Amino acid sequence: MKLKLLIFSILLSNSIYSQSAKDSLLQKDINALVEEMEFMYGYDQTMREYTIFKTFDKSETDRIENLPDSLRIEEMKKRKFVSDSISNIIYKKYINPMDAEHTERMIEITKKYGFPSTKRIKKYYKKEFVDPEFNPLIIFIHSPRKYWNELKELMLKEYQNGIINQCQYGYALWQFTGRKSFQPMLDNGFEMVEENGITTLKSTCE
């Protein structure tokens, strides 16, 4: 019994030391890392929005998104591509290849620094994000299928080590199982709630 307790204490100490070292590295490199991840996130969002709104102008996309439903539908009709092949070309040449490159880079970052959640970043980053909605987790959410098994293992370790919370893990797991069912989220910090007659998923995490 004493031997088991000793082994557990050693493993726990190693885990705490490892995490402390990653926190120190993150703090040291935080400015360059945030700039790099902001670029990856911005590219991810901008290219996908172009396939929907046919513009790179963020003020325009925000304006359209804030229109009443009826006006937004009419606006989107005007912006529809004449040929669906254009959207396919954008995904094939500009989105999918960079999704793979960004995923590989985020895996490197996570292994070296621990997953850089916005909560961890804000502990060390003193500036405002370029995009208030910036979230490195979205880069993983758009990862190609070939990375899913590796990412499931990686994010489980991050959850077990306390780097990400249960809801972040559930949300990632939902993606890495093909979004076929909400069960990975329901098993990890989400619940179905009814508000104003509409049933939605709601996070129970802080």
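On a predicted model such as this, the values are computed, not experimentally measured, just so you know.

Moving on: the environment of Asp57. Relative to the helices and strands, Asp57 is located in the loop between helix H1 (2-53) and helix H2 (58-65). In this structure the C-alpha to C-alpha distance between Asp57 and Lys80, which are 23 residues apart in sequence, comes to 16 Å. Of the polar contacts made by the side chain of Asp57, one reaches the side chain of Ser59; its length is 2.5 Å.

For the rest of this paragraph, the subject is the confidence of the model for the chain. Looking at the chain as a whole, the pLDDT averages 89, with 92% of positions reaching at least 70. Mean pLDDT per element in the chain: H1 is the minimum at 79, and helix H7 (residues 148-160) is the maximum at 96. Predicted confidence for residues 4-14 stays below pLDDT 50, and this span has zero contacts to residues more than four positions away or in other chains.

Applying the stated criterion to the full structure yields one disulfide. Covalent S-S linkage joins Cys167 and Cys205, the inter-sulfur distance amounting to 1.9 Å. Here the S-S torsion is close to 90°, and the disulfide linking Cys167 with Cys205 is therefore right-handed. Placement of Cys167 in helix H8 (residues 166-176) and of Cys205 in the segment after strand S2 (198-203) is noted, with a sequence separation of 38 residues between them. Accessibility expressed as a relative area gives 22% for Cys205, which makes it partly exposed.

Grouped together as the largest cluster of nonpolar side chains are 34 residues, with contacts concentrated most on Met37, Met106, Phe115, Ile121, Phe140 and Met155. Elements with a minimum of two residues in this core: H1, helix H4 (84-113), helix H5 (118-124), helix H6 (137-141), H7 and H8. Looking at this core, the element that brings in the most residues is H1, giving seven residues. In contact with Ile121, other than residues within four places in its own chain, are Ile30, Val34, Met37, Pro116, Phe129, Phe134 and Pro136.

A few words now on the pattern of salt bridges. According to the stated counting rule, one finds 15 salt bridges in the structure shown. A salt bridge links Arg105 to Glu36, with the nearest nitrogen and oxygen atoms 2.7 Å apart. One end of the pair, Arg105, is in helix H4; the other, Glu36, is in helix H1, and 69 residues separate them in sequence. Judged by relative accessible area, Arg105 falls into the partly exposed class, the value being 26%. A salt bridge links Lys202 to Glu195; the shortest N-O distance between them is 3.7 Å. For Glu195, a relative accessible area of 39% translates into the label partly exposed.

Conventions adopted
Residues numbered from 1 in each chain as written. Predicted model: local features only at pLDDT ≥ 70, side-chain atom pairs only at ≥ 80, totals over all residues. Heavy atoms only, no water. Helix = DSSP H or I, 4+ residues; strand = E, 2+ residues; numbered from the N terminus. Polar contact = N/O pair within 3.5 Å; in protein donor to acceptor, adjacent residues only side chain to side chain. pLDDT = per-residue confidence, 0-100. Contact = heavy atoms within 4.5 Å. Disulfide = S-S within 2.5 Å. Buried < 20%, exposed > 50% of the residue type's maximum accessible area, 1.4 Å probe, protein only. Core = buried A, V, L, I, M, F, W, Y, C linked by side-chain atoms within 4.5 Å. Salt bridge = Lys/Arg side-chain N within 4 Å of Asp/Glu carboxyl O.

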